[in-house]
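Listed here are the chains, written in short residue letters.
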Amino acid sequence: MKDSKPITKYQDLLRKQHYEIVGNHSAVEICSWTKKSLRNEGVCYKQKFYGINCHRCCQMSPTYSCDQKCIFCWRANEFFPGKTFDFEIPVDSPDDIITGCIKAQIRKLSGFGGNEKTNEEKFKEAQEPMHFALSLTGEPTLYPQLSKLIAELHKRGKT
């Protein structure tokens, strides 16, 4: 069995950066544009150009592992020693990842419900994310069931 200490250290680092770990290898963080949209302070290019409501976007990654080691990357990629999904951990199903990410998103947004600056209608809509940005951290193409994850999102009426 491979050393699990690097992944545990990386999970700790992600948690310190306000990411929520979902299952064995996925993560969610609330986009700054989602937060701004909930307070009617602006929207990102996805809403401006493509009509995707920022307040209904879930910024996540099906795996926070990465194999690229890009010299310009700002992420803590020193925790990933290899070229593939290196750790001997169970691979979560697309259904479990999506369900877990939705629950994490709702949990992370809960504080906006008591904020007087929050648009109540947007907050209610945000309880069901409709768009999933799969590139939060790591390299999403390392998730071995990525095509099934995307198919499951589409089956649920999500983009």
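We now turn to the structure provided with this report.

### A word on the overall build of the chain
Regarding its fold elements, the chain presents six helices and four strands. Reading the secondary structure of the chain in the N-to-C direction produces α-β-β-α-α-β-α-α-β-α. The buried share of the chain, reckoned over its 159 residues, is 47%. Here the contacts in the chain between residues at least 6 apart in sequence split such that 74% fall between residues at least 24 apart. About 8,900 Å² of surface is accessible on the chain, with carbon and sulfur atoms providing 53% of the total.

### Things to note about the environment of Lys-122
You can see Lys-122 is positioned in helix H5 (residues 120–126). On the accessibility criterion, Lys-122 (17% relative accessible area) is buried. Not counting chain neighbours up to four residues away, the residues in contact with Lys-122 comprise Ser-37, Leu-38, Asn-40 and His-55.

### Comments concerning the nonpolar core
In a soluble, globular protein the nonpolar side chains are often hidden away together inside. Ranked by internal contacts, the top residues of the largest apolar core, which has 15 residues, are Val-28, Met-60, Cys-101, Phe-132, Leu-134 and Leu-149. Top element by residues in this core is helix H4 (residues 94–109). It accounts for five residues. Each residue touching Leu-134, except ones within four places of it in the same chain, is listed here: Met-60, Ser-61, Pro-62, Pro-140, Leu-146, Leu-149, Ile-150 and Leu-153. Counting residues in each nonpolar core, the second largest holds seven residues, with Tyr-10, Tyr-19, Ala-27 and Leu-136 among its members.

### Looking at the state of the cysteines
Under the defined criterion, the tally for this structure stands at zero disulfides. Free cysteine Cys-57: the closest other cysteine sulfur is in Cys-31, separated by 6.4 Å. Cysteine Cys-58 remains unbridged, with the sulfur of Cys-101 as its closest cysteine sulfur at 5.2 Å.

Rules and cut-offs
Residues numbered from 1 in each chain as written. Predicted model: local features only at pLDDT ≥ 70, side-chain atom pairs only at ≥ 80, totals over all residues. Heavy atoms only, no water. Helix = DSSP H or I, 4+ residues; strand = E, 2+ residues; numbered from the N terminus. Buried < 20%, exposed > 50% of the residue type's maximum accessible area, 1.4 Å probe, protein only. Contact = heavy atoms within 4.5 Å. Areas by Shrake-Rupley, 256 points an atom, 1.4 Å probe, with all protein chains shown as cover. Core = buried A, V, L, I, M, F, W, Y, C linked by side-chain atoms within 4.5 Å. Disulfide = S-S within 2.5 Å.

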